[in-house]
Amino acid sequence: MKIGVVGFSKQQFDQKTARILLKNEISGIMSKTDSSNIEVVSGLTNTGVPKIAYEIAVEMDLTTVGISAKRALKVRSGVFPCNKQIIVGTNFGDESDSFIEYIDYLIRIGGGPQSRMEVAMFKEYKQLSISELSYRLIEHEVDWYGSKN
């Protein structure tokens, strides 16, 4: 079972609340499945919501998977040492189709245009019933402290 996580990729947000929400949601999904092979999948970067998701996965002894474009390999924050890396395309966003295809669940904690686009893609690509979608797509807003630009 693959739990995708998207959200803020910078640090200027309520990280404490984000961590609590994310840990609760991952634990909740795990409690509803009998799968022993659980992967936490995010954008590979070692910052923001992806970093928090990976840290939680490591604490819970889950597999970490990073799916991103080549550009992630050059970001200042670096990449999280994931168990598995999947590099698709050159620029951020090039990997979105592969990411959505790969995951079974999607958790969004805040985030900007790309996170919201990936939620829309998840809804369209997975073609789930409303009840199944409400089970597999989880979204939370958290306070953003950075600039609006």
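Heads up: the structure comes first, above all this text.
Residues numbered from 1 in each chain as written. Predicted model: local features only at pLDDT ≥ 70, side-chain atom pairs only at ≥ 80, totals over all residues. Heavy atoms only, no water.

Engineer: Let's hear about the overall build of the protein chain: which residues, and what values?
Structural biologist: When its secondary structure is counted, the protein chain shows 5 helices and 6 strands. Sequence-ordered secondary structure for the protein chain, helices as α and strands as β, is β-α-β-α-β-β-α-β-α-α-β. Taken over C-alpha atoms, the radius of gyration comes to 14 Å for the protein chain, in line with the 15 Å a tight globule of 149 residues would show. Based on the C-alpha atoms only, the size of the protein chain along its principal axes is roughly 40 × 30 × 30 Å. Counting all 149 residues of the protein chain, 42% fall into the buried class. (Helix = DSSP H or I, 4+ residues; strand = E, 2+ residues; numbered from the N terminus. Rg over C-alpha atoms; globule rule 2.2 N^0.38 Å. Buried < 20%, exposed > 50% of the residue type's maximum accessible area, 1.4 Å probe, protein only.)

Engineer: Provide a residue-level description of the pattern of salt bridges, including the pertinent values.
Structural biologist: Throughout the structure, instances matching the rule amount to 8 salt bridges. Note that Glu 55 and Arg 19 form a salt bridge whose closest N and O atoms lie 2.5 Å from each other. Highlighted residues: Glu 55 in helix H2 (residues 48-59) and Arg 19 in helix H1 (residues 15-31), separated in sequence by 36 residues. In this structure Glu 55 comes out as partly exposed when scored by relative accessible area, which is 23%. Its relative accessible area of 29% is what places Arg 19 among the partly exposed residues. For Arg 108, the salt bridge goes to Glu 141, with nearest N and O atoms at 2.7 Å. Of this pair, Arg 108 sits in strand S5 (residues 105-109) while Glu 141 is found in the segment after strand S6 (137-140), placing the two residues 33 residues apart along the sequence. According to the relative accessible area criterion, Arg 108 is buried, its value standing at 4%. (Salt bridge = Lys/Arg side-chain N within 4 Å of Asp/Glu carboxyl O.)

Engineer: Describe in detail H2, supporting the description with residues and values.
Structural biologist: When the terminal C-alpha atoms of H2 are compared, their 17 Å separation across 12 residues agrees well with the 16 Å that a helix rising 1.5 Å per residue should span. Residues of H2 that are buried make contact with strand S1 (2-7), H1, strand S2 (39-42), strand S3 (63-68) and S5. Count one or two residues on from H2 and you reach Asp 61, which has phi positive near 60°. (Expected span 1.5 Å × (residues − 1). Contact = heavy atoms within 4.5 Å.)

Engineer: With reference to specific residues and values, describe the nonpolar core.
Structural biologist: Counting residues in each nonpolar core, the largest one holds 23 residues, and the members touching the most others are Ile 3, Val 5, Leu 22, Ile 26, Ile 107 and Ile 109. Secondary structure elements with two or more residues in this core: S1, H1, H2 and S5. Formed by 14 residues, the second largest nonpolar core is a distinct cluster that contains Val 65, Ile 100, Leu 106 and Met 121. (Core = buried A, V, L, I, M, F, W, Y, C linked by side-chain atoms within 4.5 Å.)

Engineer: Run through the pairing of S2, naming residues and quoting values.
Structural biologist: Because side chains alternate across S2, one face comprises the buried residues Glu 39 and Val 41, and the other comprises Val 40 and Ser 42, equally buried. Sheet topology places S1 next to S2; 3 bridges connect them, and they run parallel. Looking at S2, one finds that Lys 2 is bridged to Glu 39. Viewed along the sheet, the connection from S1 through H1 into S2 turns out right-handed. The pairing of S2 with S3 spans 4 bridges and is parallel. Note that in S3 the partner of Glu 39 across the bridge is Thr 63. Each parallel crossover has a hand, and the one from S2 via H2 to S3 is right-handed. (Pairing = 2+ DSSP bridges. Right-handed = clockwise from strand over helix to strand, strands pointing away.)

Engineer: Outline the sheet that holds S1, supporting the account with residue identities and numerical values.
Structural biologist: Spatial strand order, S4-S3-S2-S1-S5-S6: 6 strands in an open sheet with parallel pairing. Two strands bound the open sheet, and with one partner strand each, they are strand S4 (84-87) and S6. This sheet shows a mean twist of 20° between the axes of neighbouring strands, independent of strand direction. Contacts from H2 reach S1, S2, S3 and S5 within the one sheet, and its direction differs from that of S2 by about 170°. (Axes fitted to C-alpha atoms, helices over the stretch in contact; angles between N-to-C directions.)

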